[in-house]
Amino acid sequence: MDRLSNTVRPYAWGSTTAIPALLGIAPTGEPQAEMWMGAHPGAPSRITRTETGTATASAERSLTDVIDADPARELGPATVEKFGPRLPFLLKLLAAGAPLSLQVHPNLDQAKAGYADEESRSVPIDAPHRTYKDANHKPELICALTPFDGLCGFRRPLEAAEAMEGLGVDSLKPYADLLRAQPEEAALREVLTAILTADPDEMAETVTAAAAAAERIGGAYAPYARIAHHFPGDAGVIAAMLLNYVRLQPGEALFLGAGVPHAYLDGLGVEIMANSDNVLRCGLTPKHIDVPELLRIVRFEATDPGILRPEASPSGEELYETPVDEFRLSRFDLSPGAAPAELTAPTPQILLCTAGAPSAGDLALAPGESVFVPAGERVHVSGAGTLFRATVVA
């Protein structure tokens, strides 16, 4: 078992205070958006491991290099057979102080086909207009540590039409009329297409008027006023009105599957995802928006956002059920004096402390600290606090 040293990513939308508060350190004044735990090549965790039978600890190494050196030992044969010689998930602390981009992720077949197509056309992997960075899908789960605001999936077209009409902005009326006149799937597709392909100057005027009305009315419109404050004139502000607004309470979670448009708005949470960088954006960003490809992969259907609450087991493990195998997230609320819980598994694990002072084996953990447990290595957790457990289904 190895204590992880992790990188914090300073994306502009990040909170300046949430991650430092969890870690118990002073803020730097700069945004601290995500702390990555895993073996993603963009910012792999680092470990310092003392090998059995040696007296001296090895130099710090990236978890990616450690896994590459012996995938079967670190990940277990079943994980390697199912996912290849790589850790299939990335675990994060995510702290949103401003809205993230409105986005959607492809399914596995779409990712493979899109990546192969761009490779065949020699589109540089770092090109701004490159859509597929790899051949993997990117389902994800966000679990709130604080009240957490987000957008998730399309709401009913009639509800979206009523919301637009309630602002009293004339230029929104054609969108509301389309939402009322079409079958559900056609209505959502046609309106999102119209929003994303509208004349930029005309759309900027619409967004400005809508933001002013939302600010004046408040209530259910307040989130759109906040979004417009960060993205003045962005068509994504209007696209956001097509989606369900969700506020998670601590311990609640959202699962984001392929084709589901979503955005995180504010709050601190634990996020886990399949190890991929494939994101197609729908707005709230200065980055490239590939409208034709986006319209091909979005699921145009109204859905309940489906807030997840963990399912308890006799062992004390509370599991967040999802329909994917690349990750499995659960939580332990450990009580003082309780018997240690054994978490030994034939798959790789990352354990993350978010509260209290529990221990994993001989390693005491503070909030924000984490450990990597190689497949098959025996581990017990004890003490008082909250631990999240990330692993795979293999």
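Let us look at the structure shown here. (Residues numbered from 1 in each chain as written. Predicted model: local features only at pLDDT ≥ 70, side-chain atom pairs only at ≥ 80, totals over all residues. Heavy atoms only, no water.)

In an α-helix there are 3.6 residues to a turn, and that puts residues three or four apart on one side. Among the residues of helix α7 (residues 173-181), Tyr175, Ala176 and Leu179 are the ones counted as buried. Buried residues along α7 cover an arc of 100° about the axis, so they all sit on one side. (Buried < 20%, exposed > 50% of the residue type's maximum accessible area, 1.4 Å probe, protein only. Helix = DSSP H or I, 4+ residues; strand = E, 2+ residues; numbered from the N terminus. Arc of directions from axis to C-beta.)

Quick look at the pairing of strand β3 (residues 34-38) now. One face of the sheet, then the other: side chains in a regular strand alternate in exactly this way. In terms of residue burial, β3 counts as a mostly covered element, since five of its five residues are buried. Burial along β3 is two-sided: the face carrying Glu34, Trp36 and Gly38 and the face carrying Met35 and Met37 are both buried. Here strand β2 (residues 7-9) pairs with β3 via three bridges, running antiparallel. Bridging across to β3, arginine 9 finds its partner in glutamate 34. The sheet contact formed by β3 and strand β6 (residues 89-96) spans five bridges and is antiparallel. For methionine 35, the partnering residue across the bridge sits in β6 and is leucine 93. (Pairing = 2+ DSSP bridges.)

Now for the packing of aromatic side chains. The relation between two aromatic rings is expressed through the spacing of the ring centres and the mutual angle of the planes. Within this structure, the stated rule accounts for three aromatic pairs. Between phenylalanine 154 and phenylalanine 300 the ring centres are 5.6 Å apart and the planes differ by 20°, which places this aromatic pair in the stacked class. Of the two residues, phenylalanine 154 sits in strand β9 (residues 148-154) while phenylalanine 300 sits in the loop between α12 (291-297) and β14 (311-312), which places them 146 residues apart along the sequence. Classification of phenylalanine 154 by relative accessible area gives buried; the value is 2%. (Phe/Tyr/Trp six-rings, centres within 6.5 Å; stacked < 30°, edge-to-face > 60°.)

On to the sheet that holds strand β20 (residues 363-364). The four strands lie next to each other as β17-β22-β19-β20, forming an open sheet whose pairing is antiparallel. Both edges of this open sheet fall to β17 (341-342) and β20, since each of them pairs with a single strand only.

Turning next to the nonpolar core. One broad rule of soluble globular proteins: the nonpolar side chains tend to lie buried together. Counting 52 residues, the largest nonpolar core has Met164, Leu167, Leu179, Ile195, Ile238 and Leu242 as its most contacted members. Filtering out sequence-adjacent residues up to four positions away, methionine 164 remains in contact with Leu172, Tyr175, Ala176, Leu179, Ile238, Met241 and Leu242. With 34 residues, the next largest nonpolar core counts Met35, Ala253, Leu268 and Phe327 among its residues. (Core = buried A, V, L, I, M, F, W, Y, C linked by side-chain atoms within 4.5 Å. Contact = heavy atoms within 4.5 Å.)

Moving on: the sheet that holds strand β23 (residues 385-391). Each strand in a sheet pairs with another by means of backbone hydrogen bonds, the pair being arranged parallel or else antiparallel. Taken together, the seven strands give an open sheet; going across it, the order is β1-β21-β18-β23-β16-β15-β14, and neighbouring strands pair in antiparallel fashion. The open sheet is flanked by β1 (2-3) and β14, the only strands paired with a single partner. In this structure, strand β15 (residues 317-320) lies alongside strand β16 (residues 328-334), joined through four bridges in antiparallel fashion. Across the sheet, residue glutamate 317 finds its bridge partner in β16, namely phenylalanine 332.

Right, let's get into unusual backbone geometry. You will see that serine 122, though not glycine, has its phi angle at about 55°, which is positive. Along the chain, serine 122 falls in the loop between α5 (108-120) and β8 (140-144). The exposure class assigned to serine 122 is exposed, which follows from its relative accessible area of 60%. The phi angle at leucine 284 is positive, at roughly 60°, despite the residue not being glycine. If you trace the backbone, leucine 284 turns up in the loop between β13 (280-283) and α12.

So, on to the pattern of salt bridges. Counting across every chain of the model gives 22 salt bridges. For aspartate 177, the salt bridge identified is with lysine 173, shortest N-O distance 3.0 Å. Taken together, the residues aspartate 177 and lysine 173, both in helix α7 and four residues apart, mark about one turn of the helix. Between arginine 328 and glutamate 317 there is a salt bridge, with its nearest N and O atoms 3.0 Å apart. Here arginine 328 is found in strand β16, whereas its partner glutamate 317 is found in strand β15, with eleven residues between them in sequence. Residues joined in a network through salt bridges with shared partners are Glu34, Lys92 and Glu271. (Salt bridge = Lys/Arg side-chain N within 4 Å of Asp/Glu carboxyl O.)

Moving on: the side chain of glutamate 318. By the element assignment, glutamate 318 lies in strand β15. Side-chain polar atoms of glutamate 318 contact the side chain of arginine 331, separated by 2.6 Å. Filtering out sequence-adjacent residues up to four positions away, glutamate 318 remains in contact with Pro310, Glu311, Ala312, Leu329, Ser330, Arg331 and Asp333. (Polar contact = N/O pair within 3.5 Å; in protein donor to acceptor, adjacent residues only side chain to side chain.)

Assignment of secondary structure puts threonine 347 in the loop between β17 and β18 (349-356). Owing to a relative accessible area of 8%, threonine 347 belongs among the buried residues under this scheme. It is 10.0 Å that separates the C-alpha atoms of threonine 347 and leucine 87, two residues lying 260 residues apart in sequence. Contacts of threonine 347, omitting those with residues within four sequence positions, involve Leu75, Thr79, Val373, Ala375, Thr391, Val392 and Ala394. Among the polar contacts made by the side chain of threonine 347, one reaches the side chain of threonine 391 at a distance of 2.7 Å.

A cluster of acidic residues, Asp199, Asp201, Glu202 and Glu205, forms a negative patch at the surface. Within the secondary structure, glutamate 205 is located in helix α9 (residues 200-217). A relative accessible area of 60% means that glutamate 205 is categorised as exposed. (Patch = residues over 30% accessible without salt bridge, like charges linked within 9 Å, V, L, I, M, F, W, Y side chains within 5 Å. Areas by Shrake-Rupley, 256 points an atom, 1.4 Å probe, with all protein chains shown as cover. Lys, Arg positive; Asp, Glu negative; His and termini not counted. Charge placed at Lys NZ, Arg CZ, Asp CG, Glu CD.)

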